Amino acid sequence: MSGTLNKVMLIGHLGDAVKMHYFEGGNCIGRFPIATNESYTNKQTGERVTNTDWHNVVVRNKAAEICEKYLSKGDKIYVEGRLKNRQWQAEDGTTRYATEVHVQDFTFLSTKQESMTNAQNNPAQPAQQQQQQQQAPQQNATTQNTAPSEPEQEDDLPF
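Residues numbered from 1 in each chain as written. Predicted model: local features only at pLDDT ≥ 70, side-chain atom pairs only at ≥ 80, totals over all residues. Heavy atoms only, no water.

Here's the deal with the packing of aromatic side chains
What counts, and what does not: The pairing test for Phe, Tyr and Trp rings, Trp by its six-membered ring, is centres within 6.5 Å, and the orientation test on the planes gives stacked under 30 degrees, edge-to-face over 60, and tilted for anything in between. Secondary structure is summarised from DSSP: a helix means a run of H or I of at least four residues, a strand means a run of E of at least two, and numbering begins at the N terminus for each. In our convention, an over-ring charge means Lys NZ or Arg CZ found within 6 Å of a ring centre and within 35 degrees of that ring's normal.
Enumeration over the complete set of coordinates arrives at two aromatic pairs. Pairing Y70 with F108 gives two aromatic rings, centres 6.3 Å apart and planes at 50°, and the pair type is tilted. Here F108 lies in strand β6 (residues 95-110) and Y70 lies in helix α1 (residues 61-70), a separation of 38 residues in the sequence. Seen from their ring centres, F106 and F108 are 5.4 Å apart, and the 35° between their planes marks the pair as tilted. Site record: aromatic cluster; members linked through ring pairs are Y70, F106 and F108. The positively charged end of R86 is found above the aromatic ring belonging to W88, 4.7 Å away from the centroid.

So, in C-alpha cells, the structure goes:
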C-alpha cells in the first residue's frame, strides 16, 4: 500500500465558545476545544476512572460562522477532519507547537441544555421501559396498530 491517510473522527463536548478570527478578503477561522472521555474500572480498587483528552479544533469560513452561531460551551458535536501540526515563536523566543484537527465535516449532536435534560430524565426511563415491556405481551398485534397514523412523507434519500 503506497498511499497515506490522515483522518480524525471525534465525538465530544465543547470546552469553550468558538473563538473567531477574521482576515482581509472576507475569510475567517474559528477555533474551539473538544473534550473526549475514556472511562474504565480500575481492577485493583474497583473505582471508576475517567480520563479526559482535549483536542484543538479549527473550522474555516462559512463552517466557522455556522459553528459560532449555533455552538456554545458544553454542546456535543461530531467532527471529521485531518490532523495538522503547526509551530511558532512565542514572545519569549521559545518554539511552540500545536496539533489541531482541521474540520472537513461536522454534525451538531445536542446542546448542553438537552444533555442535562436527558441526564435528569434518564433514571426514569428504565422504569418506563419495563412497564411498557410488561404491558406489551397483554396486547395483541392488531390493537397495537389501531392508532391513526400520519401519512408518510416522501424523502430525498438516495436509497
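Focus: the pairing of strand β1 (residues 8-14)
The line we're drawing: At least two bridges found by DSSP between two strands is the condition for calling them paired.
Here β1 pairs with strand β5 (residues 76-89) via six bridges, running antiparallel. The partner of V8 across the bridge, within β5, is G81. Summarising the sheet, β1 and strand β3 (residues 28-41) pair through two bridges and their orientation is antiparallel. In the sheet register, L14 faces β3, and the bridge partner there is I34.

It is worth stressing that arrangement in space is one thing and function is another; only the former is reported here.
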